[in-house]
Amino acid sequence: MQEIRARHRSQTVRVGLGAVLALLLVVSVACGNSTSPQGKQPTTTSLGNGTTADSNTGEVQSTGFNLADFAGLNANIKGSGSSFQQNYNLATIDLLHTVLPELKITYAGGGSGQGKSDLADGVVDFAGTDSLVKPEDAAKYNGQVLYFPTVVAPITVSYELDGVHELRLDGPALAQIFSAKITSWNDEAIAVLNPQTELPAIPITVCRRADASGTTTNFTKFLDAAGGADWPYGSSDTVDWPSGTQGAQGNGGVAACIAKKSGSIGYVDFSDAKAQGLAGALIQNSAGEYVEASLSGASAAVEGAVIGDDLTFDPINAPGSDAYPITSPTWIIVLDTQRDSTKAEALRALLSFILTDGQDVTFTQSLNYAPLPAELATRALAQIDQIKVG
Amino acid sequence: MKVVSPNSLTGTRLGRARELAFSAVTLVAGLSILALLAGVVAATVSYAWPAIESQGLGFLTSTTWSSQQETYGALALIYGTVVTSLIALVAAVPVALGVSLFVTEVCSARFRAPIVAIIDLLAAIPSVVFGLVGALVFGEAFQVVFRVFAGPTANGSSLLTAGIILSFMIMPIIASITREVIATVPGQYREAAYALGATRWEVITSAILPVGINGITGAVMLGLGRALGETIAVALVVGSAIQITADVTQPGSTMASIIANRFNGEGIGIERNALMGLGVLLFIITLIVNMAARVIVARTKRGMIPA
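Keep in mind it's a predicted model, so treat the numbers as computed, not measured. (Residues numbered from 1 in each chain as written. Chains lettered and ligands numbered in written order. Predicted model: local features only at pLDDT ≥ 70, side-chain atom pairs only at ≥ 80, totals over all residues.)

Visitor: How would you sum up the overall build of chain B? Please name residues and give values.
Guide: A count of helical and extended segments in chain B gives twelve helices and two strands. Along chain B, helices and strands appear, N-terminal first, in the series α-α-α-β-β-α-α-α-α-α-α-α-α-α. Projecting the C-alpha coordinates of chain B onto the three principal axes gives extents of approximately 75 × 60 × 35 Å. Looking at chain B as a whole, 40% of its 307 residues qualify as buried. (Helix = DSSP H or I, 4+ residues; strand = E, 2+ residues; numbered from the N terminus. Buried ≥ 20, exposed ≤ 12 C-beta atoms within 10 Å, placed from the backbone.)

Visitor: Describe in detail the overall build of chain A, supporting the description with residues and values.
Guide: For chain A, the count of helices and strands is 13 helices and 15 strands. Put simply, chain A has 390 residues, and 50% of those count as buried. Residue pairs in contact within chain A that sit at least 24 positions apart in sequence constitute 74% of those at least 6 positions apart. (Contact = placed C-beta atoms within 7 Å.)

Visitor: Which residues make up the sheet that holds strand β11 (residues 290-291) of chain A, and what are the values?
Guide: Strand order in this open sheet of three strands is β5-β10-β11 (chain A), and the pairing throughout is mixed. Where the open sheet ends on each side, the last strands, each with one partner, are β5 (168-169) and β11 of chain A. (Pairing = 2+ DSSP bridges.)

Visitor: I'd like to hear about the packing of helix α4 (residues 75-106) of chain B against helix α9 (residues 200-229) of chain B, residue by residue, with values.
Guide: Residue and element names in this part refer to chain B. Following both chains from N to C, one finds α4 and α9 inclined at 140 degrees, their axes separated by 10 Å at the closest point. In terms of orientation, α4 lies oblique with respect to α9. Relative to α9, the crossing made by α4 is right-handed. Mapping the contact onto sequence places Thr-81, Thr-84, Ser-85, Ala-88, Leu-89, Ala-92, Val-93, Leu-101 and Glu-105 in α4 and Arg-200, Ile-204, Val-220, Gly-223, Leu-224, Ala-227 and Leu-228 in α9. Here the contact of α4 with α9 is composed, by residue class, of ten nonpolar, four polar and two charged. (Axes fitted to C-alpha atoms, helices over the stretch in contact; angles between N-to-C directions. Parallel < 35°, antiparallel > 145°, perpendicular 65-115°, else oblique. Left-handed = near helix turned anticlockwise from the far one by under 90°. Nonpolar A, V, L, I, M, F, W, Y, C, P; charged D, E, K, R; others polar.)

Visitor: So, helix α2 (residues 13-55) of chain B: which residues are in play, and what are the values?
Guide: Residue and element names in this part refer to chain B. Given a rise of 1.5 Å per residue, 43 residues ought to cover 63 Å, and the 62 Å separating the end C-alpha atoms of α2 matches this to within 8%. At Trp-49, α2 shows its largest kink, close to 45 degrees, and the proline Pro-50 lies no more than four residues downstream. Burial of α2 is sparse: only four of the 43 residues sit out of reach of the surface. Inspection of α2 places Ala-48, Ala-51, Ile-52 and Gln-55 among the buried residues, and these make up the whole buried set. Of the residues trailing α2, Gly-56 is marked for its positive phi of about 60 degrees. (Expected span 1.5 Å × (residues − 1). Bend = angle between axes of the 7 residues up to and from the residue.)

Visitor: Outline the pairing of strand β12 (residues 327-335) of chain A, supporting the account with residue identities and numerical values.
Guide: Residues and elements named next belong to chain A. The buried count for β12 comes to nine of nine residues, which makes it a mostly enclosed element. Going residue by residue along β12, you find Thr-327, Pro-329, Trp-331, Ile-333 and Leu-335 tucked away on one face and Ser-328, Thr-330, Ile-332 and Val-334 tucked away on the opposite face as well. Sheet analysis places strand β3 (residues 126-129) next to β12, joined by three bridges and oriented antiparallel. Bridging from a neighbouring strand, Thr-129 pairs with Trp-331 of β12. As defined by bridge partners, strand β4 (residues 145-160) adjoins β12 across eight bridges and the pair is classed as antiparallel. Bridge pairing links Ala-153 to Ser-328 in β12.

Visitor: Any details on unusual backbone geometry? Residues and values, ideally.
Guide: A positive phi angle, near 55 degrees, is found at Asn-317 of chain A, a position not held by glycine. Within the secondary structure layout, Asn-317 of chain A lies in the loop between α10 (295-304) and β12. Taking the C-beta count within 10 Å as the criterion, Asn-317 of chain A has 22 such neighbours and is therefore assigned buried. At Ser-240 of chain B, a residue that is not glycine, the phi angle is positive and equals roughly 55 degrees.

Visitor: Got a sec to walk through the pairing of β4 of chain A? Specific residues and values, please.
Guide: All names here are of chain A. Among the 16 residues in β4, 15 count as buried, and that is most of the element. Here β4 runs beside strand β14 (residues 370-371); their pairing, made up of two bridges, is antiparallel. Pairing of Val-152 across the sheet is with Ala-370, part of β14. Of the strand pairs in this sheet, β4 and strand β8 (residues 264-269) are connected by six bridges, and their pairing is antiparallel.

Visitor: Run through the confidence of the model for chain B, naming residues and quoting values.
Guide: In this model, chain B carries an average pLDDT of 86, and 92% of its residues clear a pLDDT of 70 or more. Here helix α1 (residues 6-10) of chain B stands out as the least confident element of chain B, with mean pLDDT 55; α4 of chain B is the most confident, with 94. (pLDDT = per-residue confidence, 0-100.)

Visitor: Describe in detail the environment of Ala-43 of chain B, supporting the description with residues and values.
Guide: Residue and element names in this part refer to chain B. Structurally, Ala-43 is set in helix α2. Overall, the presence of 12 C-beta atoms within 10 Å leaves Ala-43 in the exposed class. Separated by 232 residues in the primary sequence, Ala-43 and Leu-275 have C-alpha atoms spaced 13 Å apart.

Visitor: Any details on the environment of Ile-52 of chain B? Residues and values, ideally.
Guide: Residues and elements named next belong to chain B. Along the polypeptide, Ile-52 turns up in helix α2. The exposure class assigned to Ile-52 is buried, which follows from the 20 C-beta atoms found within 10 Å. Ile-52 has contacts with Phe-59 and Gly-277, leaving out every residue within four places of it along the chain.

Visitor: Before we move on, can you summarise the nonpolar core with the specific residues and values?
Guide: Core analysis: the largest hydrophobic core is formed by 179 residues, its most contacted members being Ile-174 and Leu-278 of chain B. Ignoring any residue separated from it by four or fewer positions in sequence, one finds Leu-278 of chain B in contact with Ala-74, Leu-77, Met-255, Ile-258 and Ile-259 of chain B. (Core = buried A, V, L, I, M, F, W, Y, C linked by C-beta atoms within 7 Å.)

Visitor: Report on the packing of helix α6 (residues 127-150) of chain B against helix α7 (residues 159-183) of chain B, specifying residues and quantitative values.
Guide: All names here are of chain B. One can describe the packing of α6 onto α7 by two numbers: an axis separation of 10 Å at closest approach and a directional angle of 135 degrees. It follows that α6 is oblique to α7 by the angle criterion. For α6 against α7, the interelement crossing comes out right-handed. The residues of α7 that touch α6, namely those facing Ser-127, Phe-130, Gly-131, Gly-134, Gly-139, Phe-142 and Phe-146, are Leu-160, Thr-161, Ile-165, Phe-168 and Met-169.

Take a look at the structure:
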């Protein structure tokens, strides 16, 4: 009897210890998860000090933000939308706050779709979006929508493939991979583009967004443009993906999906791909060159794009031998007619800051974005005058 | 024992007023539940109506959910919800029963309290934590294991992964309630059975489980309710394909996961109404599960416990 009881006791101890260990594991993993997004946030303090000092001493002459125009501005505005531009917006807002401490600006992500409907509903004063307002929705806004381009960045096609250090893909091959027509890495359609590389005979796992996303819009726009008949799914913030593909949440989720599984491929915004240390494929642009995802490639794509009178443009598959073909534009949209004159002034301050000091190339590059071409920034700056109070 | 005279409670005017006020407050509280329920039903149905009107019966029978085609059919999502919940139950219920029987019948009293505390702690972990652990930690491992058994096309983000993560989530809840139910089985039943020479196994199957079956069924149904409605954890690991497939190592979607995934979409169109329609469907399914649970409990009550 004693012996049995003793055995029970030791079993219990073991089970108890196991449970505690399991709990610790869960907790530590949870903590790891909660800190990693913060780790990805740009360290704005050092940047902030640097550029602020510049604007105080007037060293940034080429892009100078005229602080005197907005001195002492006391206002409160909020925005929501595109997560693609969120890191840039937050860093810029922090920076602006150091010179205009009474100006309070918040930016909540939520996605381009959310931002557009928030602006239409009058919930926010400005919205971030990677795609244009649909013509049929224009009437839902309480005024005309003004587009202010802010920065651009490439969308990388990232992959995880042991032993493969360079991968070249063109539009049709990408379209066939993402529509699950090609299911193995050693398929002829990929091999013919990579004669130097030995491709493993393992299945392709496609990682893509499960949530509605501007990144999906721009990536599928490229597949639609460059993939031709191989891409039957069109372009939208959610598309009817073939059933074998894996959906993940957000750019970070897709990056994790790729990093975790050998043989996987997916599209991720530049900063998340860099944060995960993912390899990016060289993509064939419209000039026939294979181009690596880079900020200079993104800038080249904007140089090649046609800019409309309303400052909308489409850098996807833009001409130019240096252009990276899957480059995403992003805009801040505001209504041309504002009810409140202080809020209008706050919007002018934010936008002119973004389009002047915010275009500083070391600043944008540290956040993994490319600045606008100077000519486009100047045009956008001039458009600020169209924000009226009425 | 202290005897409280009825007069001291209701005899004085103050006492009576207090009694009345208490009744009124509880009445309002009770009615507020009904009002809340009615409000939720009315709001979701009215918001969902444009979608139900435009999709007709296809909302229930179509397997296509596409904002590009403006076709919204919930069948594949209902399938995903049912399959992931069933996997979760099959995996979680035996373990939960084992855990609670171990704690109440097998383990020595000294270790009971810490184990119970751990079970309750597990039951209180937010679901998103399970989802993140599933997506970031187990996703890859599951894919490797699945591919050994189910062939090279098996996916780490799949209906099976979602079912397993759900089972992690609901196991502690079922175990926690089952343990309390078993603890309330009167000691005489146990002692009587042991006195008749029953083994521990016989005591459990003949004296404890029949008495506790109502509560255990209730615990399982509560777990099922959580599995059916779980949103974020499932959205993170289910793979978000919209399909009906017998191969559970393939990605799928549940009603709750697609609500989480698509609610931030372009949004001005009819998809939001359709998503709200899924909310109504989930509501109805939960109602059916609850009523079925009541019927099962009522039946087992008659069948298992001799009067």
